[in-house]
Amino acid sequence: MAQADQNFFNEMLNGTDVRAAYENLDRWQANMPSDLRSLKQHEAEQLFRRVGITFAVYGEGGDPERLIPFDMFPRVFTADEWRKLERGIKQRAAALNAFLADVYDGREIIRAGKIPEHIVTRNEAFEKAMVGIRPPMNIWSHIVGIDLVRTGRDQFYVLEDNCRTPSGVSYMLQNREIMMRMFPQLFVENRIAPVDGYASALWRTLASVAPKKCEGEPNIVILTPGQFNSAYYEHSFLADLMGVELVEGQDLFVEGDFCWMKTTEGPQKVDVIYRRIDDAFLDPLCFRPDSMLGIPGLMNVYRSGGVTICSAPGAGVADDKAIYTFVPEMVRFYLGEAPILENVPTYQCAKTDDCKYVLENLEELVVKEVHGSGGYGMLVGPKADKAMIELFRDKIRARPQNYIAQPTLALSTVPTFVEEGIAPRHVDLRPYCLVGEKIELVPGGLTRVALNEGSLVVNSSQGGGVKDTWVLAE
Amino acid sequence: MKLRVRHVSRYVFDAPVKRLAQSHRLWPAETQGQSVIQWSVETENAVTGSGFRDGAGDWTQTVTVKGPVSEFTVTAEGLVETSDTSGVLRGHRERVPASAYLTGTRITGLTAELRMAAEAALEGMDAASPLDRAHALARYVSDHVVFAPNRTEPATTAAEALEGGEGVCQDHTHVLIALAHAADIPARYVTGYMLSTEDSQGAEASHAWAELHVHGLGWVGFDAANRCCPNEYYIRLGSGYDASDAAPIRGIVDGATQETLDVSVAVTDSARQSQSQRQQ
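Residues numbered from 1 in each chain as written. Chains lettered and ligands numbered in written order. Predicted model: local features only at pLDDT ≥ 70, side-chain atom pairs only at ≥ 80, totals over all residues. Heavy atoms only, no water.

1. Concerning the overall build of chain B
Of the regular secondary structure elements, chain B holds 5 helices and 14 strands. The globule rule puts the C-alpha radius of gyration for 280 residues at 19 Å, and the 19 Å found for chain B is close to it. Summed over its atoms, the accessible surface of chain B is roughly 12100 Å², and 46% of this surface lies on carbon and sulfur atoms. Computed over 23 positive and 35 negative side-chain charges, the separation of the two mean positions in chain B equals 7 Å. (Helix = DSSP H or I, 4+ residues; strand = E, 2+ residues; numbered from the N terminus. Rg over C-alpha atoms; globule rule 2.2 N^0.38 Å. Areas by Shrake-Rupley, 256 points an atom, 1.4 Å probe, with all protein chains shown as cover. Lys, Arg positive; Asp, Glu negative; His and termini not counted. Charge placed at Lys NZ, Arg CZ, Asp CG, Glu CD.)

Structure, rendered in structure tokens:
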């Protein structure tokens, strides 16, 4: 196998040496005859089709019937690597929840001058209807998806946080299921921490935030927008695994102090709603009056303590682009700890020192407009020609406050099956952290891989695939 | 002043509906300017849910009726003692930060025309006090939107109302909110009741005005339709971003049908037998 490209951290190779965590896998792939490989690849595809998992990852849209390519070469973390990641992810999930509890109540972090008020209260995701409301255990985001990239042996960066309803966890579970079915021997030779505890951990998390008015075992439901939603498969998959009802808005109604589910044996009280629909559609009497997906009166029942909605409406204010910059500050402010996971460093051209650095290093940086989106008005230094760089130099000088810059991230690579054998391809990671009575994280997550050579784009709409993600047991 | 209120909303459906759900904000809060002596909300045979005070300080409660329902009546009535605070909202217990009211909705969203109107209203007032600037905006709305019933609809936007130059209290309020936003002043929609006098405008089902957050004073009410600030003739019910968000009754029915709503509001000075308003 060729020597690793020095510009990117190769998760399997250290120079020409195979890292210990990957030794078994390297032997496994080297001994695999190519006809067996294509047979297995075909088998994997059949299995994915049979379970019906064809939806777009993270609601990216695209053809809902399209299969997202599955790469059979797993991504591996050692127990040591994972321990640090786990601490960092749990810490971040705790801080994000503390932030939400604070901004809808006392707003201490704003009073302390750590975050400007307008970034919070003028944010689209801020819900006036949630001010002064204290959800059970004061937990607002019960499933936190944190998107990470790796750039070095010990260097991870958070790309973004997802505090509303992060999707994709069904891929984490199915990728493992299918790998175990196709290559049982691999799971004998390697000690891989299981991920199948996710469903019961999710149930425990949701049950732990049942309202005070709930007596006995809580009745939990998953609320879906319906079968035309791109993540419908995941909604029904999770409902099956947890043994709870999958419902649509029309299956529920509000009466008196509670929310009820229509059943053939009459109305049954609902205690916890894991909703996979957006805030705006939850309740036409509180949010969008034209919503057909929600339950009229639900927000009043929720706010008077009759039912729990997971995640809490308004939780999106913690995962906004403008808020992202302040997450390390949240960790220090609420937890009194140093952040374990780092944000991608961001240079504010409005600051003189930052601006000087940006202008001196334009060839290596990504420059973005502060309020821009969708890649509009962006400079990717390493891929830009001289004229473009000079154009941006002038733009930044003219209106520095309008620009921020970030380093171009060198995403790590993991071996991936290609025509000729295996080759390094760039990856990211989304772990799913559960926040209830306890903060729990199953050892694993969803690894997305950019299947095209040299590509840094892992989105499924642009040639991305998925991999099983292993955490080796101690 | 002691004001007696009787506010009846009667819903009649062409065909019976399967279920009806409403969220009510029909209870005046205790503030320095108003004190509730007696108040009740009657909802016939509806099931009521637990009430709670929301972040904006308004008592909120759900009612539901299991069908078939052909008609439904909500009656809010009571006696409230009011005093003149020059429009300043004092002693109102609320937790939503004023800065949350700086953003427009579909109805109050800004356009170039609204921004220009705000600039025109505030011309030469850069050094004026925040209160004077707020008054100037309200005056501009009074001058440029003539009170005229039935010329606008509930869905008329602030931009449309200003362009048309006519409207009812809802339109005056939406335009004033938009102009305030253009001037970076938090502003919101307030619903309530008003004892009408001979020359007062806005003899509608229930009244509405705007509150602007004035630095140093807090929330101050401005009734642009009547060129005044709310005084002891006013009872404040609740607030929101716009008319729909602030509505005292937000409802929905299960089952497609035509709905006729008949609202009557009577506000009287309990010391004298007096005015009543009625409108279809």
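2. Examining the domain arrangement of chain B
Note: interface size is frequently given as the accessible area lost on complex formation between the parts. Residues and elements named next belong to chain B. Domain annotation of chain B identifies domain 1 (2–82 + 247–279) and domain 2 (98–246). For domain 1 versus domain 2, the distance between C-alpha centres works out to 24 Å. With both sides pooled, the region where domain 1 packs onto domain 2 buries about 2000 Å², and carbon together with sulfur makes up 53% of that total. Residues Asp-245 and Arg-250 are paired through a salt bridge, measuring 4.0 Å at the closest nitrogen-oxygen approach. (Domains from an automatic or database assignment. Buried area = accessible area lost by both parts, 1.4 Å probe. Salt bridge = Lys/Arg side-chain N within 4 Å of Asp/Glu carboxyl O.)

3. Looking at the side chain of Arg430(A)
Relative to the helices and strands, Arg430(A) is located in strand β19 (residues 421–430). By relative accessible area, which is 3% here, Arg430(A) ends up buried. (Buried < 20%, exposed > 50% of the residue type's maximum accessible area, 1.4 Å probe, protein only.)

4. A few points about the state of the cysteines
Throughout the structure, instances matching the rule amount to 0 disulfides over all chains. Summary of cysteine pairing: Cys310(A) is not part of a disulfide, and the nearest cysteine sulfur, belonging to Cys214(A), is at 12 Å. Residue Cys310(A) is classed as buried on the basis of its relative accessible area of 0%. For Cys228(B), which is in no disulfide, the shortest distance to another cysteine sulfur is to Cys229(B) and amounts to 6.8 Å. (Disulfide = S-S within 2.5 Å.)

5. Points about the sheet that holds strand β10 (residues 218–222) of chain B
Residues and elements named next belong to chain B. With antiparallel pairing, 4 strands are arranged side by side in an open sheet as β10-β9-β8-β11. Every interior strand has two partners, whereas the edge strands, β10 and β11 (234–240), have only one. Direction aside, neighbouring strands of the sheet carry axes that sit 35 degrees apart on average. Contacts between helix α2 (residues 130–144) and the sheet are confined to β9 (207–214) and β10, with β9 contributing the most and set at about 150 degrees to the helix. (Pairing = 2+ DSSP bridges. Axes fitted to C-alpha atoms, helices over the stretch in contact; angles between N-to-C directions. Contact = heavy atoms within 4.5 Å.)

6. Digging into the packing of helix α1 (residues 112–121) of chain B against α2(B)
Angle between the axes and distance between the axes: these two values describe a pair of packed helices. Residue and element names in this part refer to chain B. Viewed as axis vectors pointing N to C, α1 and α2 meet at an angle of 120 degrees, and their least axial separation amounts to 9 Å. Considering the angle they form, α1 stands oblique to α2. Crossing hand, α1 versus α2: right-handed. Taken together, the residues of α2 that come into contact with α1 (itself represented by Ala-117, Ala-118, Ala-120 and Ala-121) are Ala-136, Leu-137 and Tyr-140. Of the residues belonging to the contact of α1 with α2, the class tally is 7 nonpolar, no polar and no charged. (Parallel < 35°, antiparallel > 145°, perpendicular 65-115°, else oblique. Left-handed = near helix turned anticlockwise from the far one by under 90°. Nonpolar A, V, L, I, M, F, W, Y, C, P; charged D, E, K, R; others polar.)

7. Focus on the packing of aromatic side chains
Here a ring pair, both rings aromatic, is described through the centre-centre distance and the interplanar angle of the planes. Using the criterion set out here, one finds 20 aromatic pairs over all chains in the structure. Ring centres of Trp28(A) and Phe417(A) lie 5.9 Å apart, and the angle between their planes is 70 degrees; on these two criteria the pair is classed as edge-to-face. Here Phe417(A) lies in strand β18 (residues 413–418) and Trp28(A) lies in helix α1 (residues 23–30), a separation of 389 residues in the sequence. We classify Trp28(A) as buried; its relative accessible area is 14%. On the basis of relative accessibility, which here comes to 11%, the residue Phe417(A) falls in the buried class. Plain terms: the ring middles of Trp39(B) and Tyr193(B) are 6.2 Å apart, the flat faces sit at 35 degrees to each other, and that makes the pair tilted. Of this pair, Trp39(B) sits in strand β2 (residues 34–42) while Tyr193(B) sits in strand β8 (residues 187–194), and the two are 154 residues apart along the sequence. Of the two residues, Trp39(B) and Tyr193(B), neither departs from the other in class, the shared state being buried. Through pairs of rings, three or more aromatic residues link up here, namely Tyr22(A), Trp28(A), Phe73(A), Phe183(A) and Phe417(A). For the cation-ring pair, Arg19(B) lies above Phe253(A), with the distance from its terminal atom to the ring centre recorded as 4.1 Å. (Phe/Tyr/Trp six-rings, centres within 6.5 Å; stacked < 30°, edge-to-face > 60°. Lys NZ or Arg CZ within 6 Å of the ring centre and 35° of its normal.)

8. A word on the nonpolar core
Among the nonpolar cores identified, the biggest contains 143 residues, and Phe99(A) and Tyr198(A) are the most heavily contacted of them. For this core, the element with the most residues is helix α3 (residues 79–103) of chain A, which contributes 10 residues. In this structure, Phe99(A) is in contact with Ile109(A), Ile115(A), Val120(A), Val317(A), Ala318(A), Ile323(A), Met330(A) and Tyr334(A), ignoring residues within four places of it in sequence. One finds Val175(B), Val214(B), Ala224(B) and Ala246(B) within the second-largest nonpolar core, a separate group that totals 39 residues. (Core = buried A, V, L, I, M, F, W, Y, C linked by side-chain atoms within 4.5 Å.)

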